[in-house]
Amino acid sequence: MEKLFTVAYLSELFVGAQDDIAEQIELIWGHIKVLLVVPFLRIFMYINLVMLIMLFTEMVYMVVVVTTNKLFGKKPEQRYKFKPFEDDAELGSSVYPLVLVQVPMFNEREVYQLSIGAACRLSWPSDRIVVQVLDDSTDPLIKGMVEMECQSWASKGINIHYQVRDNRKGYKAGALKEGLKHDYAKQCEYVVIFDADFQPEPDFLTQTIPFLHHNSKLGLVQGRWKFVNSNDCLMTRIQEISLNYHFKVEQEFGSITYAFFGFNGTAGVWRMAALDEAGGWKDRTTVEDMDLAVRASLKGWEFLYIGSLMVKNELPSVLKAYRYQQHRWSCGPANLFRKMIFEIMRNNRVTLWKKLYVLYSFFFVRKIVAHIVAFTLYCIVIPATVLIPEVMIPVWSTIYIPTIITLLNAAGTPRSFYLVVFWVLFENVMSLHRTKATFIGLFEAQRANEWVVTEKHGDASRVKTETQQTQPRFKIGERILMLELFVGFILFGCACYDLAYGKYHYYVYLYLQAIAFIVMGCGYIGNQVPNS
């Protein structure tokens, strides 16, 4: 009996000690939460609300300006003189300026024939156009195929040059810069650039060169992208929504208001004088196109965007390729902002308003804030307030403003309006990747200058058929995205906690967003193309 009494006493003592420890931990956590966690989360929430308002006002302002212009039938190109070239009986084709068409490519097995063929079919006097294929391919077989294609067109009377380099220094910017060093390129007045998957219509030059020829202030004319594989899968449909907004709102707004926008790197025509005055191509970031555009704009050159001039191209249909592209598109602008902020501020050739537009609207809000707030507010602050209910997020920031932003983005692609929920979830998952890339660019971390060429597949329908017939084989490290899975499980846990104990009913959104993170973390989005 004495032994039983002793065991019972020790058991009660141990349980009591456990209760005391639990109470102490709870007490300490309560103090830490009140003194540190709640104030920090509240400040972090306010910072995100400010960023959200900045993004919202920027988007609404751009949409209002663009919509107003459309309602009054105004287009950016109406401000500039346009007169088509006409053959002269005496001068002949010499009335046409000499044009260089550059087609940079890297191991483009699937699309090299499409791009070279489209460039060679451009409607322009044959003695006033030079096609230059800049092949940085590392695969000898593909290099041979591209060279043979160039020789084939040369035999048909096309003035085409096949150029290769000993190295890939500077990647695309390095290839374009090297291409301009040739004597035949220096004689050209204008240079047109088409990436390897772009297929311009034959009248592209006749629709663009006259603007540059008759308006001496114009340095760049940019066309719009038309996606040939937008119906390929859900991921390409979602990309179409985002990119249509970019072209129909952001690019058109920039052309209307400040005659400035970011060059898209392809489907555009540069005046050689503008390119030279800006300092030519630089490879200091992964957005050499934007770099050139900003420098040319600071020299006083104006840009024109023509929304009706569409050039066929291909969207990434594989998640891995899309992630590499988005890393480059998010990291590069942030890195360029870091490098050019003081150069822009010191510039005295453009107005104060234009400098403010470039620094605040173009760079800070659209290239930095837009990426960060999508992740920090909707994937960090909301889940955190589930666990810390003392911090309450205003309803307008979780429902009203996000709804308006979504509608503004989707308005440019009416046929995909029913996909807006998937668009929101997909963009929030990608915001993790873009936020990481943005900070890499801002702090110029290890991957700041990483350049991976976006994988292309040519005929989307053919690829889809082959994919369905072939069972893809992946290395687990290429398919599983651990960071996305980790965030997905965290959000799922927060959703369960909110369902059991919460009072804001965030669990509906959190469950959906968690599923989106997990699905993408497992690689189940986009086409699944087998390894070669």
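What you are looking at is a predicted structure, and each value in this text was computed from that prediction instead of being measured.

A. Examining the overall build of the protein chain more closely. Each helix and strand in the protein chain was counted, giving 17 helices and seven strands. Over its C-alpha atoms, taken along the principal directions, the protein chain stretches across nearly 125 × 55 × 40 Å. Out of the 532 residues belonging to the protein chain, those deemed buried represent 54%. A separation threshold of at least 6 residues defines the contact pool for the protein chain, and within that pool the share at least 24 residues apart is 83%. As displayed, the protein chain has an accessible area near 25400 Å², and 61% of this comes from carbon and sulfur atoms. In the protein chain, the 54 positive side-chain charges and the 51 negative ones have mean positions that sit 4 Å from each other.

B. The arrangement of the environment of Ala-154 in detail. Looking at where Ala-154 falls in the secondary structure, it is placed in helix H3 (residues 140-154). Take Ala-154: its relative accessible area is 38%, and that puts it in the partly exposed class. Taking the C-alpha atoms as reference, Ala-154 lies 9.5 Å from Cys-120; in sequence the two are 34 residues apart.

C. Summary view of the state of the cysteines. All chains considered together, the criterion is met by zero disulfides. Looking at the unpaired Cys-496, the closest cysteine sulfur is the one in Cys-494, lying at 9.3 Å.

D. Just the packing of aromatic side chains, in detail. By the definition in use, this model includes 27 aromatic pairs. Aromatic pair Tyr-96 and Trp-124: ring centres 5.1 Å apart, planes at 85°, arrangement edge-to-face. A residue pair is termed long-range when its members are at least 10 positions apart, and Tyr-96 in the loop between helix H1 (2-71) and strand S1 (99-105) and Trp-124 in the loop between helix H2 (112-120) and strand S2 (129-135) qualify at 28 residues. We note that Tyr-96, like Trp-124, is buried. One cation-aromatic arrangement involves Lys-156 over Trp-153; the distance from NZ or CZ to the ring centre is 4.3 Å. Between Lys-367 and the ring centre of Phe-362, over which it is positioned, the NZ or CZ distance is 5.0 Å.

E. Inspection of the nonpolar core at higher detail. Counting 152 residues, the largest nonpolar core has Val-101, Ile-116 and Trp-270 as its most contacted members. In this structure, Trp-270 is in contact with Glu-189, Tyr-190, Val-191, Ile-193, Gly-219, Leu-220, Phe-263, Leu-275, Leu-292, Ala-293, Ala-296 and Phe-303, ignoring residues within four places of it in sequence.

F. Just the sheet that holds strand S4 (residues 190-193), in detail. Read across the open sheet, the seven strands follow the order S3-S2-S1-S4-S6-S5-S7; overall the sheet is mixed. Unpaired on one side and paired on the other, strand S3 (160-164) and strand S7 (302-313) mark the two borders of the sheet. On average, each strand axis in the sheet is inclined to that of its neighbour by 20°, with strand direction left out of account. Here S1 runs beside S4; their pairing, made up of four bridges, is parallel. Across the sheet, residue Leu-100 finds its bridge partner in S4, namely Val-191.

G. Spotlight on H2. Of all the nine residues making up H2, seven are buried; the element is thus mostly covered by neighbouring parts of the structure. Buried residues of H2: Tyr-112, Ser-115, Ile-116, Gly-117, Ala-118, Ala-119 and Cys-120, and no others. Against S1, S2, H3 and S3 lie the buried residues of H2.

H. Focus on the pairing of strand S6 (residues 268-271). Burial along S6 is two-sided: Gly-268 and Trp-270 facing one way and Val-269 and Arg-271 facing the other are all buried. One ladder, built from four bridges, connects S4 with S6; its direction is antiparallel. Within S6, the residue paired with Tyr-190 across the bridge is Arg-271. With three bridges connecting them, strand S5 (residues 218-227) and S6 associate as antiparallel partners. In the sheet register, Val-221 faces S6, and the bridge partner there is Val-269.

Calculation rules
Residues numbered from 1 in each chain as written. Predicted model: local features only at pLDDT ≥ 70, side-chain atom pairs only at ≥ 80, totals over all residues. Heavy atoms only, no water. Helix = DSSP H or I, 4+ residues; strand = E, 2+ residues; numbered from the N terminus. Buried < 20%, exposed > 50% of the residue type's maximum accessible area, 1.4 Å probe, protein only. Contact = heavy atoms within 4.5 Å. Areas by Shrake-Rupley, 256 points an atom, 1.4 Å probe, with all protein chains shown as cover. Lys, Arg positive; Asp, Glu negative; His and termini not counted. Charge placed at Lys NZ, Arg CZ, Asp CG, Glu CD. Disulfide = S-S within 2.5 Å. Phe/Tyr/Trp six-rings, centres within 6.5 Å; stacked < 30°, edge-to-face > 60°. Lys NZ or Arg CZ within 6 Å of the ring centre and 35° of its normal. Core = buried A, V, L, I, M, F, W, Y, C linked by side-chain atoms within 4.5 Å. Pairing = 2+ DSSP bridges. Axes fitted to C-alpha atoms, helices over the stretch in contact; angles between N-to-C directions.

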